[in-house]
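Letter by letter, the chains look like this.
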Amino acid sequence: MNRHLWRVIGFPVSILLLFAAGTAWSGAGNVYIGLNAEAGHITSTSDDAIRQGIQIAIEEINRSGGVLGGRKLELLIRDNRAIPARAAAHYNELAGTKDLVAVFCGKFSSAVVESLPLIHKQELVLLDPWAANDKIVENGYAPNYAFRLSLKDTWAVPAMMDYARKRGFPKVGLLLINTSWGRNNLEVVKRYLAANPGISAVDTQWFNYGDNSMRTQYRSIRNAGANAVVFVGVEPEGAVLVREVAALPTDKRLPIVSHWSVAGGDFPAMTGKALGKVDLAFVQTFDLHHDQSKRSRQLLAVANRLFNMKSFSEVTSPCGLAHAYDLTRILAMAIEKAGSTDRRKVRDALERLGRYEGLIRVYDPPFTSTRHEALSPENVFMARYDKKGLIGAIR
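Residues numbered from 1 in each chain as written. Predicted model: local features only at pLDDT ≥ 70, side-chain atom pairs only at ≥ 80, totals over all residues. Heavy atoms only, no water.

1. Focus on the overall build of the protein
Okay, so step 1: Helices and strands together make up the secondary structure of the protein, namely 14 helices and 14 strands.
Okay, so step 2: A burial count over the protein gives 58% of its 395 residues as buried.
Okay, so step 3: When contacts within the protein are restricted to residue pairs at least 6 apart in sequence, long-range pairs at least 24 apart make up 72% of them.
Okay, so step 4: In the structure as shown, the protein presents an accessible area of about 15,600 Å², 51% of it carried by carbon and sulfur atoms.
Okay, so step 5: Across the protein, 49 positive and 38 negative side-chain charges occur, with their mean positions spaced 3 Å apart. (Helix = DSSP H or I, 4+ residues; strand = E, 2+ residues; numbered from the N terminus. Buried < 20%, exposed > 50% of the residue type's maximum accessible area, 1.4 Å probe, protein only. Contact = heavy atoms within 4.5 Å. Areas by Shrake-Rupley, 256 points an atom, 1.4 Å probe, with all protein chains shown as cover. Lys, Arg positive; Asp, Glu negative; His and termini not counted. Charge placed at Lys NZ, Arg CZ, Asp CG, Glu CD.)

Spelled out as structure tokens, the structure:
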């Protein structure tokens with residue numbers, strides 16, 4: 001049954017997802033993990049990938065004896081539809097759940113940043129497997145309850161701009177979503193340009209969620225003399241841009257260098273034949289579609305059992321699955337080290353873990369008291385879609 005159909009007939013998404021994953025319904029002694037993401041966002045697949053990554057890890061952990069002497073982990077899912085007010089209400093509700101140790105967020109930074117005061121007031125451990133706004137982790141709170149295993153804008157912008165420069169595009173036009181995430185990227189771009197005189201931003205244009213055309217912004221960028229468009233947005237508006245650029249004569253199609261959230265939906269399906277007519281590259285952190293490691297094969301066996309998944313090519317937002325998987329395993333280590341579901345103790349334990357050999361990398365350690373980022377710039381690369389719609393690194 002389609003997950004959107006479940007909402008139409010009124011069943012709670014959390015219940016149905018638990019049944020679909022074969023997880024037993026709430027029982028005494030379970031330890032809870034929350035997921036507060038954009039399940040109701042019609043084009044998003046990032047939340048599906050994050051959920052699957054968490055559930056694969058939970059399945060492995062529970063089959064190996066659970067945590068804290070045999071207690072099972074259980075996932076509680078809340079749909080914020082990418083609306084900050086709904087996200088805040090869910091964080092507040094989940095914070096009152098007995099034995100809930102942490103909450104994962106989704107891909108929309110604005111649904112996280114605006115809740116940071118509430119998250120810290122409630123001493124709620126926030127685990128970020130996607131949202132890239134620097135301010136989610138660099139938030140000024142002490143103690144800091146936000147931990148990220150994902151990309152952040154300070155790493156994404158240099159990857160995009162370096163790629164444009166190496167491709168021979170010294171003049172770029174910025175096309176940015178008009179949210180805290182887009183504004184954070186502009187701040188990072190300005191810092192990058194100040195340190196790298198070999199490239200310039202000749203125009204900056206803004207758009208809003210739900211805009212159905214980018215023609216005016218794109219025309220302004222071309223008229224300013226840009227060699228390429230640097231795009232910061234998510235899949236619906238990214239698809240609008242690609243379709244409109246593809247409809248232009250070949251000599252008027254600028255290359256598009258994109259942040260990674262165009263891969264937060266089924267972008268090949270949303271763009272169709274237009275995708276093959278546009279020079280599109282975007283940021284990624286892990287090439288799950290082509291990873292052949294033993295660990296990846298082990299995960300796929302669990303995914304096949306849970307979701308009847310035959311190949312990771314079926315995952316349209318693969319980084320979300322990989323990030324969430326590793327982050328869940330790291331959380332389980334912290335629960336064991338804390339010896340408790342007390343979130344203050346779990347938070348402290350996350351800063352004091354040892355080595356973990358994960359799917360994406362070896363974390364040694366994942367976090368410290370001064371570093372709440374589990375990945376690093378070395379994990380960032382540019383990628384593109386192939387003819388089959390699979391994501392692969394640009395070599």
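Still to come is the rest of the account.
2. Comments concerning the sheet that holds strand E1 (residues 31-37)
Paired through their backbone hydrogen bonds, the strands of a sheet run either parallel or antiparallel.
Okay, so step 1: The strand order E2-E1-E3-E4-E5 describes an open sheet built from five strands, whose pairing is parallel. At either margin of the open sheet sits one strand with a lone partner, and together these are strand E2 (73-79) and strand E5 (146-148). Taking the axes of each pair of neighbouring strands and ignoring which way they run, one obtains an average angle of 25° across the sheet.
Okay, so step 2: Relative to strand E4 (residues 126-128), strand E3 (residues 100-105) is paired through two bridges, and the arrangement is parallel. Along E4, the bridge assignment pairs phenylalanine 104 with leucine 127.
Okay, so step 3: Helix H13 (residues 318-338) contacts E1, E2, E3 and E4 of the sheet and is inclined by roughly 160° relative to E3.
Okay, so step 4: Seen against the sheet, helix H14 (residues 343-350) touches E3, E4 and E5 and runs at an angle of roughly 60° to E3. (Pairing = 2+ DSSP bridges. Axes fitted to C-alpha atoms, helices over the stretch in contact; angles between N-to-C directions.)

3. Structural notes on the confidence of the model for the protein
Okay, so step 1: In the predicted model, the protein carries a mean pLDDT of 93, and 93% of its residues have values of at least 70.
Okay, so step 2: Segment residues 1-28: pLDDT under 50, and 38 contacts once partners within four positions in sequence are set aside and those in other chains are kept. (pLDDT = per-residue confidence, 0-100.)

4. Topic: the pairing of strand E7 (residues 200-207)
Okay, so step 1: Across seven bridges, strand E6 (residues 171-177) lies against E7 in parallel orientation. Within the sheet, the bridge partner assigned to leucine 175 lies in E7 and is glutamine 205.
Okay, so step 2: Chirality of the crossover, the property in question, places the unit of E6, helix H8 (residues 180-195) and E7 among those that are right-handed. (Right-handed = clockwise from strand over helix to strand, strands pointing away.)

5. So, the packing of helix H7 (residues 153-166) against H8
Okay, so step 1: Orientation of H7 relative to H8, taken along the N-to-C sense of each, is 55°, at an axis distance of 9 Å. In terms of orientation, H7 and H8 fall into the oblique class. The element H7 and its partner H8 pack so that their crossing is right-handed. Here Asp153, Thr154, Val157, Pro158, Met161, Asp162 and Arg165 of H7 come into contact with H8, specifically with Trp181, Asn184, Asn185, Val188, Val189, Arg191, Tyr192 and Leu193.
Okay, so step 2: For the contact of H7 with H8, the per-class residue count stands at eight nonpolar, three polar and four charged. (Parallel < 35°, antiparallel > 145°, perpendicular 65-115°, else oblique. Left-handed = near helix turned anticlockwise from the far one by under 90°. Nonpolar A, V, L, I, M, F, W, Y, C, P; charged D, E, K, R; others polar.)

6. Digging into the nonpolar core
Okay, so step 1: Residues Tyr91, Leu126, Leu127 and Leu350 are the most contacted members of the largest nonpolar core, which totals 135 residues.
Okay, so step 2: Per-element tally for this core: the top contributor is H13, with 12 residues.
Okay, so step 3: Once you skip the residues sitting within four places of it in the chain, leucine 126 turns out to touch Tyr91, Val103, Cys105, Val112, Leu116, Ile119, Ile136, Tyr145, Ala146 and Phe147. (Core = buried A, V, L, I, M, F, W, Y, C linked by side-chain atoms within 4.5 Å.)

7. Here we look at unusual backbone geometry
Okay, so step 1: Following alanine 142, the chain continues into proline 143 via a peptide bond in cis, with omega recorded as 0°.
Okay, so step 2: For alanine 82, which is not glycine, the phi torsion reads 70° and is therefore positive.
Okay, so step 3: When you line up the elements, alanine 82 lands in the loop between E2 and helix H4 (84-95).
Okay, so step 4: Residue alanine 82 is classed as buried on the basis of its relative accessible area of 16%.
Okay, so step 5: At glutamate 123, a residue that is not glycine, the phi angle is positive and equals roughly 50°.
Okay, so step 6: In this structure glutamate 123 comes out as partly exposed when scored by relative accessible area, which is 31%.

8. A look at the sheet that holds E7
Okay, so step 1: The seven strands are arranged E7-E6-E8-E9-E10-E13-E14 in an open sheet whose pairing can be described as mixed. Only two strands of the sheet have a single partner each, and these edge strands are E7 and strand E14 (391-393). Put simply, the sheet's adjacent strands are angled 30° from each other on average, direction ignored.
Okay, so step 2: Pairing geometry for strand E9 (residues 256-258) and strand E10 (residues 280-284), over three bridges, is parallel. Bridged to valine 257 within E10 is alanine 281.
Okay, so step 3: Each of E6, E7 and strand E8 (228-232) touches H8; the most contacted strand, E6, lies at about 155° to it.

9. Concerning the packing of helix H3 (residues 46-63) against H13
Okay, so step 1: Packing of H3 against H13 brings their axes to within 7 Å, and their N-to-C directions diverge by 40°. Seen from above, H3 lies across H13 with right-handed handedness. Mapping the contact onto sequence places Ala49, Ile50, Gln52, Gly53, Ile54, Ile56, Ala57, Ile58, Glu60 and Ile61 in H3 and Gly320, Leu321, Ala324, Tyr325, Thr328, Arg329 and Ala332 in H13.
Okay, so step 2: Its residues placed into classes, the contact of H3 with H13 shows 11 nonpolar, four polar and two charged.

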